[in-house]
Amino acid sequence: CERSELRMTPQRLAVWDQRARDAGLPADWRLADHVREATRTATLRQRPGPADADLWVYAYGSLMWDPGIHFSEVRLARIDGFQRRFNYRITSGRGSPQCPALMLTLTPRSGRCTGLAFRVPAERAEAETTILWRREMVRGGYAPQWQTLNTPQGDIQALVFAANCSHPEFVGELPLDQTAAMVAAAAGPLGSNRAYLESLHAQLAALGITDTYVEGLLAQVQA
């Protein structure tokens, strides 16, 4: 966990800032710290149930194979009314201003999405959500919210970073061939967009999770 490139400590965020400067991105390439922190405190105030209980975090993308947070339990978890989609355009991370990437979001639509739920001990919730917000809310491309997840051990209320459909870089669902062309070409300091898709597919396969959209997109990228 501590060695994860995605455990977003202030030191790692400073590295990302330097990468952004090197890539020619403007100084305001990410949300200001106080703006990001305001969204965190506002979301935590809306948390259902006791404020001193353990906190569940839903993982549907890279959090599944590199959570970068301390947790005490993990479960398979399903959320209804959402599906994975590559529809958030970025020019850093796994993309560049010259060749933008499409990153994964959890988009409201009919169907369901199966991933993982991580239980964060109550005494670590403040520190770990701070880490998570630095990672997921770099540019405000996600909408943190509380949703009900179905797990084999029963329903839970969890923190979910769903798509921010009003964000200017949210492009909606592009035709699959167009999505594949962008994913196949984009790369940045964190690696290629294609490698992210391949890691996602491998993790879903390891967990026995079927996602026809991911499978279809990978086949198109490979073609």
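Structure shown above.
In this report, we go over the structure that sits alongside the text.

Definitions and limits used
Residues numbered from 1 in each chain as written. Predicted model: local features only at pLDDT ≥ 70, side-chain atom pairs only at ≥ 80, totals over all residues. Heavy atoms only, no water. Helix = DSSP H or I, 4+ residues; strand = E, 2+ residues; numbered from the N terminus. Rg over C-alpha atoms; globule rule 2.2 N^0.38 Å. Buried < 20%, exposed > 50% of the residue type's maximum accessible area, 1.4 Å probe, protein only. Contact = heavy atoms within 4.5 Å. Lys, Arg positive; Asp, Glu negative; His and termini not counted. Charge placed at Lys NZ, Arg CZ, Asp CG, Glu CD. Phe/Tyr/Trp six-rings, centres within 6.5 Å; stacked < 30°, edge-to-face > 60°. Lys NZ or Arg CZ within 6 Å of the ring centre and 35° of its normal. Polar contact = N/O pair within 3.5 Å; in protein donor to acceptor, adjacent residues only side chain to side chain. Pairing = 2+ DSSP bridges. Core = buried A, V, L, I, M, F, W, Y, C linked by side-chain atoms within 4.5 Å. Salt bridge = Lys/Arg side-chain N within 4 Å of Asp/Glu carboxyl O.

Secondary structure assignment for the chain yields 6 helices and 7 strands. For the chain, the succession of helices and strands along the chain, N to C, is α-α-β-β-β-α-β-β-α-β-β-α-α. A compact globule built from 223 residues would reach a C-alpha radius of gyration of about 17 Å, and the chain, at 17 Å, matches this within 12%. For the chain, the C-alpha atoms occupy an extent of roughly 45 × 40 × 35 Å along the three principal directions. Across the 223 residues of the chain, 49% fall into the buried class. Pairs at least 24 residues apart make up 74% of the contacts formed inside the chain by residues separated by at least 6 positions. Taking the 24 positively charged and 23 negatively charged side chains of the chain as two groups, their mean positions are separated by 1 Å.

Turning next to the packing of aromatic side chains. Within a pair of aromatic rings, the relevant descriptors are the distance that separates the centres and the angle that separates the planes. Enumeration over the complete set of coordinates arrives at 6 aromatic pairs. Centre to centre, the rings of Tyr88 and Tyr142 are 5.5 Å apart; their planes meet at 80 degrees, and the pair counts as edge-to-face. Residue Tyr88 is located in strand β2 (residues 73-90), and its partner Tyr142 is located in strand β4 (residues 142-151); the two are separated by 54 residues in the primary sequence. A cation sits over an aromatic face here: Arg85 above Tyr213, 4.2 Å from the ring centre.

What follows is about the side chain of Arg84. Of note, Arg84 is situated in strand β2. A polar contact is formed between the side chain of Arg84 and the backbone oxygen of Tyr60, at a distance of 2.8 Å. Within polar-contact distance, the side chain of Arg84 engages the backbone oxygen of Thr114 at 2.5 Å.

Attention now moves to the environment of Ser110. Mapped onto the elements of the fold, Ser110 is located in strand β3 (residues 101-120). Overall, Ser110 belongs to the exposed group, its relative accessible area being 62%. Distance from Ser110 to Gly81, taken between C-alpha atoms, is 4.9 Å for residues 29 residues apart in sequence.

Attention now moves to the environment of Gly188. The residue Gly188 is located in strand β6 (residues 187-188) in this model. The class for Gly188 is partly exposed, based on a relative accessible area of 26%. Taking the C-alpha atoms as reference, Gly188 lies 23 Å from Asp33; in sequence the two are 155 residues apart. Not counting the four nearest positions on each side in its chain, Gly188 is found in contact with Gly93, Arg94 and Gly95.

Burial runs high along strand β1 (residues 55-59): 5 of the 5 residues are buried. Neither face of β1 is exposed, since Leu55, Val57 and Ala59 on one face and Trp56 and Tyr58 on the opposite face are all buried. Judged from the 5 bridges that link them, β1 and β3 form a sheet pairing that is antiparallel. Note that in β3 the partner of Ala59 across the bridge is Leu116.

Judged by nonpolar contacts, the single largest core of 53 residues is most densely connected at Tyr58, Ile79, Phe86, Leu106, Leu149 and Leu197. No other element matches β3, which puts 10 residues into this core. The contact partners of Tyr58, leaving out residues within four places of it in the chain, are Leu63, Ala77, Ile79, Leu106, Cys113, Thr114, Gly115, Leu116, Leu149, Ala158, Leu159 and Val160. Leu6, Met8, Leu13 and Ala20 belong to the second largest nonpolar core, which has 8 residues in total.

Let's shift gears to the pattern of salt bridges. Tallied over the entire structure, the rule returns 16 salt bridges. Across the pair Arg30 and Asp33 runs a salt bridge, and its minimum N-O distance is 2.7 Å. Overall, the relative accessible area of 17% leaves Arg30 in the buried class. Classification of Asp33 as partly exposed rests on a relative accessible area of 41%. Its salt-bridge partner being Arg85, residue Glu173 comes within 3.1 Å of it at the nearest N-O pair. One end of the pair, Glu173, is in the loop between β5 (154-163) and α4 (176-185); the other, Arg85, is in strand β2, and 88 residues separate them in sequence. Counted as one network, the salt bridges with shared partners bring together Asp54, Glu73, Arg75 and Arg119.

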